[in-house]
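Descriptive structure summary
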Amino acid sequence: MSRTLVITNQKGGVGKTTTSVNLAAGLAEAGKRVLLVDLDPQGNATMGSGIDKRALTHTVYHVLLGLATAEQAKARSERGGYDVLPANRDLAGAEVELVDMERRELRLKAALAQVADQYDYVLIDCPPALGLLTLNGLVAADAVMIPMQCEYYALEGLSDLVNTIKKVRANLNPRIEIEGLLRTMFDPRNTLAQQVSAQLQQHFGNKVYATVIPRNVRLAEAPSYGMPAIQFDRACKGSQAYLALANEILSRAQAAQAARATAS
Ligand code: ATP
Ligand code: MG
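In every chain, residue numbers begin from 1 and rise along the written sequence. Whichever chain is written first is A, and whichever ligand is written first is 1; the rest continue in order. Whole-chain, interface and lining totals are the exception, using all residues; otherwise, since this is a predicted model, local features are given only for residues with pLDDT of at least 70 and side-chain atom pairs are given and counted only at 80 or more. In computing side-chain properties, one takes all heavy atoms of the structure into account and sets aside hydrogens as well as water.

1. Quick notes on the site of ligand 1
To be explicit about the condition: Near, as used in this document, describes a residue that has one of its heavy atoms within 4 Å of the molecule or strand being considered. Two N or O atoms form a polar contact when they lie within 3.5 Å of each other; inside protein one atom must be a possible hydrogen donor and the other a possible acceptor, and for residues adjacent in sequence the pair counts only when both atoms belong to side chains. Each helix corresponds to a stretch of at least 4 residues labelled H or I by DSSP, and each strand to a stretch of at least 2 residues labelled E; elements are numbered beginning at the N terminus. Under the convention adopted here, Pro, Cys and the residues Ala, Val, Leu, Ile, Met, Phe, Trp and Tyr are nonpolar, Asp, Glu, Lys and Arg are charged, and Gly plus all remaining residues are polar.
Close to ligand 1 lie 17 residues, the nearest being Lys16, Thr17, Thr18, Pro214 and Asn216. Between ligand 1 and Gly13 there is a distance of 2.9 Å, counted from an oxygen atom to a backbone nitrogen or oxygen. Within the contact set of ligand 1, an oxygen atom lies 2.8 Å away from a backbone nitrogen or oxygen of Thr17. When residues of the shell around ligand 1 are traced back to their parent elements, those giving at least two are helix H1 (16-29), strand E8 (208-214) and helix H10 (217-221). It is H1 that provides the largest number of residues to the shell around ligand 1, a total of 3 residues. For the shell around ligand 1, a count of residues per class yields 7 nonpolar, 7 polar and 3 charged.

As structure tokens, then:
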């Protein structure tokens, strides 16, 4: 059965796309069949996967509007070893065009249901906003992954996001849960980062991933070569951290499965 994770934070530049791309590549390397959905008109996850966003005839925009199926729109990240439902600027119009459509929050969920059996993991990279696109991501997902930088305003933004997730659970998607909070661009020498990190652990306990993503320039360089960092420079600290994150997610899933088996 496939598991769908939505990677979201309405704050910009916190590492959502870097996490989506490298986690997709990490899970693919572990032998999992992965689909990465780019739900951001910036198309960064598309380009970072080595797919030219300007050369696409079908994108996630066409899928959301019912003009193409996910099967027709998907592309292959050869370097990453996973499939991508790509995006480009067309998607910017979707928020407006979807407003008058029926079941507008459920359109991604319906489209993904048709390809779900081809994948073990579906990862959804969201834009930095809590609009209709992100809502489609939250409705389609089993769980939310929240990348965040450990700085003062991060916690404030987090409560808005947690409230949105609660509303989605009450109205649109009863199974949604927080899969985990990921500390990104972490600098252990920064005292504030350590304080915020400690507060996060206090509030969210083991929902905070043990894996921490360090600030590492190689992670920022990889997208300009159109490949995940773990292919670009496997040995760098950033790549190693994302490989560790993929392992942490797989062992958590295994533990959850074992717990369910014992309970039944
Ligand atoms: P947006 O909200 O615009 O979609 P985002 O949350 O997807 O942004 P990214 O695009 O992943 O964030 O990262 C923002 C910038 O920081 C990018 O230039 C990226 O290459 C860089 N970056 C991400 N993670 C790291 C890291 N751990 N170390 C150094 N640079 C990083
Ligand atoms: Mg992004």
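So that's the structure; there's more coming.
2. Regarding unusual backbone geometry
Even without being glycine, Arg103 reaches a positive phi, approximately 45°. If you trace the backbone, Arg103 turns up in the loop between helix H5 (94-98) and helix H6 (107-113). Even without being a glycine, Met185 presents a positive backbone phi close to 45°. The topology assignment puts Met185 in strand E7 (residues 177-186).

3. Quick notes on the packing of helix H7 (residues 132-140) against helix H8 (residues 152-171)
Formally: Only the stretch in contact is used when fitting a helix axis, every axis being a line fitted to C-alpha atoms; angles between N-to-C directions are given from 0 to 180 degrees. When an angle is under 35 degrees it counts as roughly parallel; over 145 it counts as roughly antiparallel; between 65 and 115 it counts as roughly perpendicular; any other value is oblique. For any helix crossing, the convention is left-handed if the near helix is rotated counterclockwise from the far helix by under a right angle, and right-handed if that rotation is clockwise. Whether two residues touch is decided by their heavy atoms; if any such pair falls within 4.5 Å, the residues are in contact.
For the pair H7 and H8, interaxial distance at closest approach is 10 Å and the crossing angle is 60°. In terms of axis orientation, H7 runs oblique to H8. The interaxial crossing formed by H7 with H8 has right-handed handedness. Residues Leu135, Leu138 and Val139 of H7 pack against Thr164, Ile165 and Val168 of H8. Of the residues in the contact of H7 with H8, the class split is 5 nonpolar, 1 polar and no charged.

4. What to know about the packing of aromatic side chains
Rule in force here: Stacked, tilted and edge-to-face are the three classes assigned to paired rings of Phe, Tyr and Trp, where Trp is represented by its six-membered ring and a pair needs centres within 6.5 Å; plane angles under 30 degrees give stacked, over 60 edge-to-face, the rest tilted. Residue burial is assigned from relative accessible area. The probe radius is 1.4 Å, only protein chains are included, and a residue is buried under 20% of its type maximum, exposed over 50%, and partly exposed in between.
One pass over the structure, following the stated rule, counts 2 aromatic pairs. Arranged with centres 5.2 Å apart and planes meeting at 70°, the rings of Tyr152 and Tyr153 form a pair that is edge-to-face. Pair check on accessibility: Tyr152 and Tyr153 agree, each one exposed. On the numbers, 4.8 Å between centres and 25° between planes, the contact of Tyr225 with Phe232 is stacked.

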